[in-house]
Amino acid sequence: MNKLKYDTIILEGIDKTGKDTLIKYLASLGEYKYAIYQRGVISNNVYNNIYNRPMYEYNINKHALYVLLEADYDDLKVRFKINNEPKIDILLHLQKFSEIFYEMTEGCPRVTYNTSKMTPLDIAKDIIETIESLNNA
């Protein structure tokens, strides 16, 4: 069995962008051969930044495809309301995730999706195509 160059998918993004849903699609479409994580060290630093805690220099997994999930502001407001989520500054969280995601993943394979514009199935298909393309390069 050949070892995969990229064996991990790490999903990042603010609450209610579809990370939990996407994990199920990715596991199935990827035939359970990838480790899939909802949040990682990027989220740690985003929340450290938002809540004025010390930021850390983490080792980034060089065998991972990093995925940033975003959504439209108005859509997120509705998602937060119907799920009875605590009120947060959605725009600040979107901005910090984008800023820190791109800073921390520089030089790594990464993709971004707007879950207001694409279905979980379409996003998952694209992620699996991307990681398989990376592995076949």
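Located above this text is the structure these notes cover.
Residues numbered from 1 in each chain as written. Predicted model: local features only at pLDDT ≥ 70, side-chain atom pairs only at ≥ 80, totals over all residues. Heavy atoms only, no water.

Novice: Before we move on, could you go through helix α4 (residues 90–104) and cite the residues and values that matter?
Specialist: Compared with an ideal rise of 1.5 Å per residue, which puts 15 residues at 21 Å, α4 spans 21 Å between its outermost C-alpha atoms and is within 8% of the ideal. Those residues of α4 that sit buried are I90, H93, L94, K96, F97, I100, F101 and M104. (Helix = DSSP H or I, 4+ residues; strand = E, 2+ residues; numbered from the N terminus. Expected span 1.5 Å × (residues − 1). Buried < 20%, exposed > 50% of the residue type's maximum accessible area, 1.4 Å probe, protein only.)

Novice: Please set out the side chain of N48 residue by residue, giving values where relevant.
Specialist: Relative to the helices and strands, N48 is located in helix α2 (residues 41–50). Look past the residues within four positions of N48 in its chain and what remains in contact with it is R53, P54, M55 and Y56. (Contact = heavy atoms within 4.5 Å.)

Novice: I'd like a rundown of the packing of helix α1 (residues 19–29) against helix α5 (residues 120–136), residues and numbers included.
Specialist: Between α1 and α5, whose axes approach to 9 Å, the crossing angle comes to 50°. If you check the angle between α1 and α5, you find them oblique. Helix-helix and strand crossings are classified by hand; for α1 and α5 the assignment is right-handed. Every residue of α5 that contacts α1 at T21, L22, Y25, L26 and L29 is listed here: P120, L121, I123, A124, K125, I127 and I128. A class-by-class count of the residues in the contact of α1 with α5 yields ten nonpolar, one polar and one charged. (Axes fitted to C-alpha atoms, helices over the stretch in contact; angles between N-to-C directions. Parallel < 35°, antiparallel > 145°, perpendicular 65-115°, else oblique. Left-handed = near helix turned anticlockwise from the far one by under 90°. Nonpolar A, V, L, I, M, F, W, Y, C, P; charged D, E, K, R; others polar.)

Novice: For unusual backbone geometry, give the residues involved together with the corresponding values.
Specialist: Even without glycine at this site, N52 takes up a positive phi of about 55°. On the basis of relative accessible area, N52 is assigned to the exposed category, the value being 71%. Not every positive phi belongs to a glycine, and N84 is a case in point at roughly 55°. Inspection of the secondary structure puts N84 in the loop between α3 (73–82) and α4.

Novice: Which residues make up the pattern of salt bridges, and what are the values?
Specialist: Applying the stated criterion across every chain yields a total of seven salt bridges. Between D72 and K117 there is a salt bridge, with its nearest N and O atoms 2.7 Å apart. Taken together, the positions of D72 in the loop between β3 (64–70) and α3 and K117 in the loop between β4 (110–114) and α5 put the pair 45 residues apart, joining distant regions of the chain. Taking relative accessible area as the criterion, D72 reaches 26% and is therefore assigned partly exposed. (Salt bridge = Lys/Arg side-chain N within 4 Å of Asp/Glu carboxyl O.)

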